[in-house]
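# A look at the structure
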Amino acid sequence: MGGTIKAQKRDTPPIICEVAMEKILINKYPATRWNDATPVGNGVMGALVYGAVYDERILINHESLFNWCEDKEIPAISASLPIVRDLMDKGDYKTAEQYYKKALEAENYRPSSGKYYPAFDLHMLFENQNAFTDYSRKLDMKNGICTVRYRENGKKLKREIFASGKECAVFVRLRAEEPFGVKLALEKHDLIDLPDEGGASKQTRELYKKSIYSEFETWGGLHYSGMIRVIKTDGEISDGTDKRRNIDMSGESCFDGFLRISGATEVVLAIKCEKTPVGAKNLYKTLSFEDDYQTIKFRHRVRFSSLFERTGLSFSDEENISTEELLLKSYDGAVDNRLIEKMADFGRYLLISSSVGCEFPANLQGIWNGDYSPAWACTYFNNENIQMAYWQACRGGLSEALLPLFNLYDSFKDDYRENARKLYGCRGLLLPLFMDNGCGKKKNLQ
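What comes next is a walk through the structure. (Residues numbered from 1 in each chain as written. Predicted model: local features only at pLDDT ≥ 70, side-chain atom pairs only at ≥ 80, totals over all residues. Heavy atoms only, no water.)

Attention now goes to the state of the cysteines. Here the structure, examined in full by the defined rule, presents 0 disulfides. Not engaged in a disulfide, the cysteine Cys273 finds its nearest cysteine sulfur in Cys168; these two sulfurs lie 9.4 Å apart. (Disulfide = S-S within 2.5 Å.)

Overall, the coordinates contain 2 cavities of 30 Å³ or more when judged by the stated rule. Of the volumes computed, that of the largest cavity is approximately 40 Å³. Lining the largest cavity we find Phe126, Tyr150, Leu157, Lys158, Arg159, Leu174, Arg175 and Phe180. Of all elements in the fold, only strand 10 (155-164) and strand 11 (169-187) reach the threshold of two or more residues within the lining of the largest cavity. In this model, the second largest cavity occupies a volume close to 40 Å³. What lines the second largest cavity is Gly43, Glu63, Ser354, Phe360, Pro361, Ala362, Asn363, Gly366, Ile367 and Tyr380. By residue class, the composition of the lining of the second largest cavity is 5 nonpolar, 4 polar and 1 charged. (1 Å grid on protein atoms, 1.4 Å probe; cavity = no way out; pocket = protein on both sides within 12 Å on 5 of 7 lines; lining within 4 Å. Points joined across faces, edges and corners; volume = space filled by probe spheres on them. Helix = DSSP H or I, 4+ residues; strand = E, 2+ residues; numbered from the N terminus. Nonpolar A, V, L, I, M, F, W, Y, C, P; charged D, E, K, R; others polar.)

We now examine the packing of helix 1 (residues 80-89) against helix 2 (residues 93-106). Contact geometry for helix 1 and helix 2: axes closest at 8 Å, N-to-C directions at 165°. In terms of axis orientation, helix 1 runs roughly antiparallel to helix 2. You can see that helix 1 and helix 2 cross each other, and the crossing is right-handed. Side by side, helix 1 and helix 2 meet where Ser80, Leu81, Ile83, Val84, Leu87 and Met88 of the first sit next to Tyr93, Thr95, Ala96, Tyr99, Tyr100 and Ala103 of the second. Taken together, the residues of the contact of helix 1 with helix 2 sort by class into 10 nonpolar, 2 polar and no charged. (Axes fitted to C-alpha atoms, helices over the stretch in contact; angles between N-to-C directions. Parallel < 35°, antiparallel > 145°, perpendicular 65-115°, else oblique. Left-handed = near helix turned anticlockwise from the far one by under 90°. Contact = heavy atoms within 4.5 Å.)

Backbone geometry at Asn108 places phi at a positive 60°, although glycine is not the residue there. Assignment of secondary structure puts Asn108 in the loop between helix 2 and strand 6 (115-116). By relative accessible area, which is 70% here, Asn108 ends up exposed. (Buried < 20%, exposed > 50% of the residue type's maximum accessible area, 1.4 Å probe, protein only.)

Here is the structure:
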């Protein structure tokens, strides 16, 4: 049956297990790699929060961005099947195993898969004057909110980050007890993750109504857009291209086309990524909200917690300690029940953040990636990998999370039938081992 599958209303209430008051992951120092950053997501957009005190990056991902997608016609080599069967009957398994690969190569067919691509970074430089203390980076898994807290000169500073489903945007709120300054830029993701094989994008920037709009074009055929909008601040916003007004701020030489906010105690930002170039005016409109930040945050918390709390696992009533401490204890051979509980909660949290309210399912890394050439291209693996990603869907009462998965496979049924016919001369469906989202093109066998 073709078409898009839609969620059905739940006739019976979900089973609720006893859930601990807090479901929090705590880190005691900032991340230095994207792999260790704190993830938030709304299915369409993902964000990774490094939590650095001075030079901060928040990496943005979009579910649709697979680079280097190709449309190749699969050659008809079903005549090879009797030969392969004969080789196997004779016990020549090594030759049989390589036969189809060589037959495809003889037809000049090289399977390929698009690589999941990091969209861009929100880059922030803060005007720090003193050493910091009391640092923590926390993920509230129940409500889908990341917070970064620390003190500077004894005064509290706090950042709050979440990805709203209704607005389909990432929100960042900066607050401090004393006025602070920050410089904002929308940049290509940190090029430390760029391999020498290429794949970087060229970027065009435009400052538009206290916002930064950019378009990105990759060597692999992607052309997409993003915007950072300042939706609230009590500070002064100035154009970062005016060097005379920014001469006192360190690190400005690495920025190009940025905004500076000075004398603020609060800044609220909204970030949007679109899979196509839509123009600054149009993207600005989508970041114009009728509701204020607190209303948007409240609605996000209600939605996220209603999904997360459909089930739960509680092993311990002990005090929360940092992830680093829990891992060190497990390395010494004493696996803390709190670590097991948090791992189960984290898996459910990641599935909600990657595969609810979106078009495509969670890929090999969910919806997050900071590598330009990620491991196994960060694609969909049609083996135990996709199964593990969705283990918590039914057990966790998250049937909505399965819909993007079903729809993806449903959209490729004709291609799977072609695979079976051309390769083995039979009816049925033959799925590739791994595949991307197709990017609107015919899918290739892998």
